[in-house]
4 protein chains.
Amino acid sequence: MQYRTDLAVESREQSAGLSGVVSREIKHGDLEEVHVVIETAEAARALEKDQGTYITLTHPFLSHACAKERLEMAQALSSAVRELLPPFGDVLVVGLGNRHMTADALGSRVLEDLLITRHLKDMTDEALRGRLRGVCAAAPGVLGITGMETAEVVKGIAQRVQPAAIIAIDALAARDSSRICTTIQITDTGIRPGSGVGNHRAGLNKDALGIPVIAVGVPMVVYASVIARDALSLLLADMGMEEEAHAQAMDSLIGKISCQGLGELVVTPREVDELVGKVARIIADGLNMALQPRLSEEEIQYLSHDGV
Amino acid sequence: MQYRTDLAVESREQSAGLSGVVSREIKHGDLEEVHVVIETAEAARALEKDQGTYITLTHPFLSHACAKERLEMAQALSSAVRELLPPFGDVLVVGLGNRHMTADALGSRVLEDLLITRHLKDMTDEALRGRLRGVCAAAPGVLGITGMETAEVVKGIAQRVQPAAIIAIDALAARDSSRICTTIQITDTGIRPGSGVGNHRAGLNKDALGIPVIAVGVPMVVYASVIARDALSLLLADMGMEEEAHAQAMDSLIGKISCQGLGELVVTPREVDELVGKVARIIADGLNMALQPRLSEEEIQYLSHDGV
Amino acid sequence: MQYRTDLAVESREQSAGLSGVVSREIKHGDLEEVHVVIETAEAARALEKDQGTYITLTHPFLSHACAKERLEMAQALSSAVRELLPPFGDVLVVGLGNRHMTADALGSRVLEDLLITRHLKDMTDEALRGRLRGVCAAAPGVLGITGMETAEVVKGIAQRVQPAAIIAIDALAARDSSRICTTIQITDTGIRPGSGVGNHRAGLNKDALGIPVIAVGVPMVVYASVIARDALSLLLADMGMEEEAHAQAMDSLIGKISCQGLGELVVTPREVDELVGKVARIIADGLNMALQPRLSEEEIQYLSHDGV
Amino acid sequence: MQYRTDLAVESREQSAGLSGVVSREIKHGDLEEVHVVIETAEAARALEKDQGTYITLTHPFLSHACAKERLEMAQALSSAVRELLPPFGDVLVVGLGNRHMTADALGSRVLEDLLITRHLKDMTDEALRGRLRGVCAAAPGVLGITGMETAEVVKGIAQRVQPAAIIAIDALAARDSSRICTTIQITDTGIRPGSGVGNHRAGLNKDALGIPVIAVGVPMVVYASVIARDALSLLLADMGMEEEAHAQAMDSLIGKISCQGLGELVVTPREVDELVGKVARIIADGLNMALQPRLSEEEIQYLSHDGV
């Protein structure tokens, strides 16, 4: 595993036939859904992922999808989240990442369209009140800007608010550039240390927080060094080079690339600012459906975008 | 007290001669410094302010001040904060208000230029390390956007981080429009419930949090109903009307104004967006000086604006 | 006429019975539509407005309207614009004002959701091509930021692009605060010098540009001095003061208010940032319908928000 | 020339020994200045650049430079611009690119800190007036957002304003990722069609506009396909592959890479949002010095950041 990827579905591609990993795929038109369950500690170690369930939704043209396709994606996301989320109790949605850095701003962008209800339970009319699930939200910021570990901040807030579950939204790194802004990963394993565009130092998961953590992530970047590696693999395969020589050539190159500072560079679409906004909206719509199953689509619209 | 003002200095103007209130003024050129100490519970009730010290810095042309004048204001702010702040221990700076609403965005704007150091204590070179005071920062957002009381969020974070003190930055309402963006109030009484442009529901102070809270605020708005009242007062005085008739005319008017919905409207300079940025920078500079007395101005500059 | 208002409908209120002014009102539920036609030069002088047609759409709860009501407003706007716009030829939409000042940012915000098509006529598929009206857009900025008169910039662009008409979007000043973000004025008289939140120095109209100019404006502020005056009027009427004494008291007050700098202050809702976004979206939707009558609502959606 | 680069200095590296190209280098500490003059039409064709002068300023740690180093960079930029700019007459500064796309927003960011004076010549006090050079500014936007070619808009504005010269600011693509945000190119050849992050379709130069155009550009991205190529070159050289075989392997790979859509992806630092702001400030400072040689640094500061 030399490739940095936060997607279980990409780790799986590298480890076909590994025991302790069960996966299945479903296709609805262009929308592909893959469930990967890492069942054993051995498989988890081999894939450098935590044990648990990973659901990956992929639509190759998500950023150019029409309203109907975006709704389908939001509905698929809603189903996946509901599969992993406890059915009752308040939910704290956490938008991770740095809102001042476009490729890392997904988390805080999702919160902008999320329906926040925890404070409404005593305020709104009776007809609505009984049907609202309590949702609150926080964008804890990143260590360099707050001086506090994200996990510290979330833990502090969770101790006051006592939610039944946490949903954490994050921007991810992928291995394959075609996954940028086209794939959404939902997992009950929470956030792993060292993952995300912003490289979280501490994990956010049930072990650390004592509360179930559902992570929702979208790849926003590929590290430039990965692009270089992939180009090489293509070439070496093309030249019919043997696998051993292949590995040596790679190692030699990686050293050179690191010296050039490519490791710090990311590959991202030119229009990433616009794409983040579109994907954030789809995620917010999906979460609103998952979290408020007793509200109609119209009620959600009215409450989330029009104020109360 | 019918006028809504968050400034102790304006309450004082209305209550000249009240016992239990001590005040003194100092002038340095255009910069005026007023210390008001509310010493008794009776005086506190009469002024609708909490017992404690209020320092007000006013520069009538602050928004058009040159670099030298802005530096003087930052230095005066630094002195005032140091007077009220415990000398040792980590400090949590809290930017209150709603960053999506210009007149309420002061708090989160100040954080953008604040020197954050709590996470640097183990990282930076030895020469620097011993001289850094640990500072961390959070922008907790507002109830309507997070679903959580500001006080709840701050309490949760403070319990994890255990700071020696909290500094809370907030946008205020004044009575006199000439105070908008020209006055900074520093107080050791924290944030009072019902104050601020965003109307905090719960207070942030030593009683609530168990930690000293220094509040730094700048008036950003005057409520439109106050402008109407002031216009009237001018007129009635001008007409030589007797005080009793005066009061009746006022009461009659207030009812009418409320019906017109003026109560919800605020008076603010057209260029408030630009002014918030300028004042936020002065406050950040002043806080950086107050919090890092063992760093030179150059070191602060380098660390806060140039990254590490 | 001492009150600054950019709304013909408010001038009319002050000048009931003036000859040369024809007006009619239509009500559809909460949505009120008023047509004012200033037919003579004398009436124009008396009202300090240009000769021409002014259509005012008002919905008292526009900022809290549901999706259906917003659609009705957009449709009413579309009808009004189509009534005044030449039926064929490219249209240049100009977003006036200063995008860095919230209350003056309406123009540039509308452009963000406008369907821009002039450059698509040679690109898109045949099915679409023949049905597109060419629309281009510019946000010329304000004198203090560009160093150029808005009218100069628009004239230069119009001479290259040769549109059949110009639509100019602007933030207005009203006299009555209840009109803020609830009223849209559409007029074929263009933009008058001295009008708008940003106070345009030169006019934008057919005389100046040689091309018909349809202006679409929404009140965003009331000058604070107007609020003070209105409070006074209420009071004086209440006190039964005679009209002559009334006028004198007013004049005396105006002097005092000006000295206090109220003239520069504006009254605006606290949440103006959010309201601008909502109203801008309604205007963009209405203009898209008016400008692209041969596209379905779905096609407009797809083209304007999803790129091509 | 298969590598896309907008930097003459990188083209030169590939074409060592080409006749018709004169270059010289100067080093001041970490700041390197390279002048490349393309003297003949043949050399221009070979390098795919226009005939003229290209000055490249490079500071390898520009984004982490201290205040003193940034000032030196601004001064070097000022000298370079003055070398190419006509000494008298108004100047129109054009911020190219798309302000909604971070990597392409350099142009509009520079305008935010530029001293705009054309409209002040009749307003300000006499002491200042005679010493101001008239500067105006426009951000024409991009074709997809305005429906108009950038060159069309600039031409229209220039015909009204009649400046003595145009300065055009743009974000560039480089071949070497270490140039991102560390290099500034100044040239009297204007903007070439097909160049820039946003790929200008038409050129902006003296031929097209009838006015000298000085272009100031900074690399913000490297195309991902270039990174892949560079990784390959390193590897093939390492393997001792002969040059001919080398070229074949490359061609085979390029086909594959294009199919994967890498061509549309860009490589950029994760923190590009922050870097754009820093570089924009240096450019604005340098231009202010170049354009206002009769103002002191203090006067420039006061006028550009504090309003008038």
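Residues numbered from 1 in each chain as written. Chains lettered and ligands numbered in written order. Predicted model: local features only at pLDDT ≥ 70, side-chain atom pairs only at ≥ 80, totals over all residues. Heavy atoms only, no water.

Caption draft 1: Region of the structure containing the side chain of Thr-102 of chain A. Position of Thr-102 of chain A among the secondary structure elements: in the loop between β4 (91–95) and α4 (106–112). A polar side-chain atom of Thr-102 of chain A sits 3.1 Å from a polar atom in the side chain of Thr-102 of chain D. Of the polar contacts made by the side chain of Thr-102 of chain A, one reaches the side chain of Asp-273 of chain D; its length is 2.4 Å. In this structure, Thr-102 of chain A is in contact with Val-272, Asp-273 and Val-276 of chain A together with Thr-102 and Asp-273 of chain D, ignoring residues within four places of it in sequence. (Helix = DSSP H or I, 4+ residues; strand = E, 2+ residues; numbered from the N terminus. Polar contact = N/O pair within 3.5 Å; in protein donor to acceptor, adjacent residues only side chain to side chain. Contact = heavy atoms within 4.5 Å.)

Caption draft 2: Spatial organisation of the pairing of strand β9 (residues 265–269) of chain B. Burial runs high along β9 of chain B: five of the five residues are buried. Along β9 of chain B, one buried face is formed by Leu-265, Val-267 and Pro-269 of chain B and the opposite face, lined by Val-266 and Thr-268 of chain B, is buried too. Strand direction decides the pairing type here: strand β8 (residues 213–223) of chain B and β9 of chain B, joined by two bridges, are antiparallel. Of the residues in β9 of chain B, the one forming a bridge with Tyr-223 of chain B is Val-266 of chain B. For β9 of chain B and strand β9 (residues 265–269) of chain C, the ladder comprises five bridges, and the chain directions are antiparallel. Bridge pairing links Val-267 of chain B to Val-267 of chain C in β9 of chain C. (Buried < 20%, exposed > 50% of the residue type's maximum accessible area, 1.4 Å probe, protein only. Pairing = 2+ DSSP bridges.)

Caption draft 3: Seen up close, the environment of Arg-294 of chain B. Residues and elements named next belong to chain B. Within the fold, Arg-294 resides in the loop between α11 (272–291) and α12 (297–305). A C-alpha to C-alpha distance of 41 Å links Arg-294 and Ser-15, two positions 279 residues apart in sequence. Excluding residues that lie within four positions of it along the chain, Arg-294 makes contacts with Gly-130, Arg-131 and Glu-299.

Caption draft 4: Here's a closer look at the environment of Arg-133 of chain B. All names here are of chain B. Turning to its location among the elements, Arg-133 is positioned in the loop between α5 (126–129) and β5 (135–138). Look at Arg-133 and you get buried, because its relative accessible area is 9%. Along the backbone, Arg-133 and Lys-121 are twelve residues apart, and their C-alpha atoms lie at a distance of 8.6 Å. Not counting chain neighbours up to four residues away, the residues in contact with Arg-133 comprise Leu-85, Pro-86, Pro-87, Phe-88, Gly-89, Val-91, Thr-117, Leu-291 and Gln-292. Polar side-chain contacts of Arg-133 include one of 3.1 Å to the backbone oxygen of Phe-88.

Caption draft 5: Fine view of helix α3 (residues 67–84) of chain D. Residue and element names in this part refer to chain D. Between the first and last C-alpha of α3 there are 26 Å, a value that for 18 residues agrees with the 26 Å anticipated at 1.5 Å per step. Restricting attention to buried positions, one finds in α3 the residues Met-73, Ala-74, Ala-76, Leu-77, Ser-78, Ala-80, Val-81 and Leu-84. Where α3 is buried, its residues contact β2 (31–38), β3 (52–58), β6 (165–174), β7 (183–187), β8 (213–223) and α11 (272–291). (Expected span 1.5 Å × (residues − 1).)

Caption draft 6: Representation of the state of the cysteines within the structure. Within this structure, the stated rule accounts for zero disulfides over all chains. Free cysteine: Cys-181 of chain A, not disulfide-bonded; nearest cysteine sulfur from Cys-66 of chain A at 18 Å. (Disulfide = S-S within 2.5 Å.)

Caption draft 7: The arrangement of unusual backbone geometry in detail. Residue and element names in this part refer to chain B. Even without being glycine, Glu-48 reaches a positive phi, approximately 50 degrees. Relative to the elements of secondary structure, Glu-48 occurs in the loop between α2 (41–47) and β3 (52–58). Given a relative accessible area of 41%, Glu-48 falls into the partly exposed group. A positive phi angle is found at Gln-162, which is not glycine, with a value near 50 degrees. Mapped onto the elements, Gln-162 comes out in the loop between α7 (150–161) and β6 (165–174). For Gln-162, a relative accessible area of 60% corresponds to the exposed category.

Caption draft 8: Just the pattern of salt bridges, in detail. Under the counting rule described, the total for this entry stands at 41 salt bridges over all chains. Among the ionic pairs, Glu-42 of chain C bridges to Arg-45 of chain C, the shortest N-O distance being 3.9 Å. Residue Glu-42 of chain C and its partner Arg-45 of chain C are located together in helix α2 (residues 41–47), separated by three residues, close to a single helical turn. Accessibility expressed as a relative area gives 60% for Arg-45 of chain C, which makes it exposed. Here the salt bridges do not stand alone but share partners, grouping Asp-90 and Arg-118 of chain A together with Glu-152 of chain B into one network. (Salt bridge = Lys/Arg side-chain N within 4 Å of Asp/Glu carboxyl O.)

Caption draft 9: Representation of the side chain of Thr-146 of chain D. With respect to the helices and strands, Thr-146 of chain D occurs in helix α6 (residues 143–146). Exposure remark for Thr-146 of chain D: the relative accessible area of 6% places this residue in the buried category. Excluding residues that lie within four positions of it along the chain, Thr-146 of chain D makes contacts with Ile-116, Cys-136 and Ala-137 of chain C together with Pro-140 and Gly-141 of chain D.

It is worth stressing that arrangement in space is one thing and function is another; only the former is reported here.
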